[in-house]
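Residue-level listing of the chains:
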Amino acid sequence: MKKLDKYSIGLGDRFGHQGSHQLKAIMDASAKGIEITPVWNKSNREHTIIGTNPSDVRNEADTVTKKAGYKKPYFVDADHINLDTVDRFIESSDFFTIDVASYIGKRADEEEIHEFLSGVKKYTGKLTIPGTRLSFSTPKLLIHKIAEKYLFASIKAWDIYRKIEKVKGSGNFVTEVSMDEVAQPQTPVELFFILKMLASENIPLQTIAPKFSGRFNKGVDYVGDIDKFESEFESDLQVIDFAVREFGLPENLKMSIHSGSDKFAIYPIMGSLIRKYNKGIHLKTAGTTWLEEVIGLAESGGEALAFAKDIYIKSLDKIEELTAPYSDVIDINVSSLPSKTVASKWSADEFADALRHNKENDRYNINMRQLVHVAYKLAAIKKDEYFRLLDNNEKVVSKCVYENIYNRHICRLFNIT
Ligand SMILES: [Zn+2]
């Protein structure tokens, strides 16, 4: 089976220009003793907005790894696919994030629900996770509710998995199931029964992306109760560990953290817990690299700064259109966005400081950062000019991309000093 190693990171590269700089961050971590598998991920939504194809991501990954002489495993992730969108990803991807969010809450057949309930009889009443202090009350009514909410989605995951397996052959790809883009987080108890459902469908699940409590807004820090997150994350780790043994799921099954970029407040917590339990992690980042491109262009000054300003100023006119597909994963306070007049007068440093994720800097604006995060469509419209500016200012831009992935993300999560 194509196996995903303990640590891996999803590297989104919307415009396909930064792969080699992202890879350098991975290789530098390896030089420090931390082996991380790079996974280039891009969703159908991003392909559609930018006008690219899954084969473009495959080309980029193959090209940059070959050029760097990189001999370790790497993957191309068909991010957030479902039955309707999976087809065009199958050939070029070897990692599939099966997104069941839209099926959650739809009811499976009564017969299927009853079959599931009879299969989990031994966990009814009280669920104790052996070797831990975790014990949950699991009355039949609760399990029934969980089945009503998630069983249909699990069956759909199986349908999608079979569709991929038919073409690629069993064992030739990594399977993730994601349920993060929903309104309600899943509790550890729900996660346990969801894993049972997925195991019953014989899905060789290597990563699972639950939704956690708190806000995982795109490109900005975690918002929520950090202690609560810590206990939830720890319980999830223990539940997964037990589910692997109990249901015969792949032993390398690990959590995948979506919208995982820039969650600096919880990296030390996730990092210390995965080390404590000797567990792996998959951290998905995507738009953070695009933001670094814009920061790099701003820092470059001249026409590159003008381009960056133009993106921001145009985004102010299109807030609703740009933010609509991301409503569950952004929180923009429109009245705190810098105005067109203010932004148009900014120096290179002022623009870069407002956008860069550095809370020590008074100019950092979390609202502007989220808006620009979803404004990549505006660069896609002027792709030729954008690519020319990226190429002309490659040195500055790539430094931003590299430092962001390596210093701010990898070093903080994996405790590299
Ligand atoms: Zn996601």
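Residues numbered from 1 in each chain as written. Predicted model: local features only at pLDDT ≥ 70, side-chain atom pairs only at ≥ 80, totals over all residues.

**Student:** Account for the pairing of strand β1 (residues 7-12), with residues named and values stated.
**Tutor:** Of all 6 residues making up β1, 6 are buried, and the element is well covered by its neighbours. Residues Y7, I9 and L11 point to one face of β1 and S8, G10 and G12 to the other, with burial holding for every one of them. One ladder, built from 5 bridges, connects β1 with strand β10 (residues 281-285); its direction is parallel. Residue S8 lies in a different strand from β10, and its bridge partner there is H282. Inspection of the sheet shows β1 paired to strand β2 (residues 37-43) by 5 bridges, in the parallel sense. Bridge pairing in β2 links S8 to T37. What joins β1 to β2 is helix α1 (residues 19-31), and the crossover it makes is right-handed. (Buried ≥ 20, exposed ≤ 12 C-beta atoms within 10 Å, placed from the backbone. Helix = DSSP H or I, 4+ residues; strand = E, 2+ residues; numbered from the N terminus. Pairing = 2+ DSSP bridges. Right-handed = clockwise from strand over helix to strand, strands pointing away.)

**Student:** Before we move on, can you summarise the pairing of β10 with the specific residues and values?
**Tutor:** Successive residues of a regular strand alternate their side chains across the two faces of the sheet. With 5 of 5 residues buried, β10 is to be regarded as a mostly interior element. On β10, burial covers both faces: I281, L283 and T285 on one face and H282 and K284 on the other are all buried. For strand β9 (residues 254-257) and β10, the ladder comprises 3 bridges, and the chain directions are parallel. Bridging across to β10, I257 finds its partner in L283.

**Student:** Residues and numbers for the packing of helix α9 (residues 287-300) against helix α14 (residues 366-373), please.
**Tutor:** Axis separation between α9 and α14 bottoms out at 9 Å; the angle between their running directions is 105 degrees. As far as their axial angle goes, α14 and α9 are roughly perpendicular. Of the residues in α14, those in contact with G287, L291 and V294 of α9 are R369, V372 and H373. Here the contact of α9 with α14 is built from residues that sort into 3 nonpolar, 2 polar and 1 charged. (Axes fitted to C-alpha atoms, helices over the stretch in contact; angles between N-to-C directions. Parallel < 35°, antiparallel > 145°, perpendicular 65-115°, else oblique. Contact = placed C-beta atoms within 7 Å. Nonpolar A, V, L, I, M, F, W, Y, C, P; charged D, E, K, R; others polar.)

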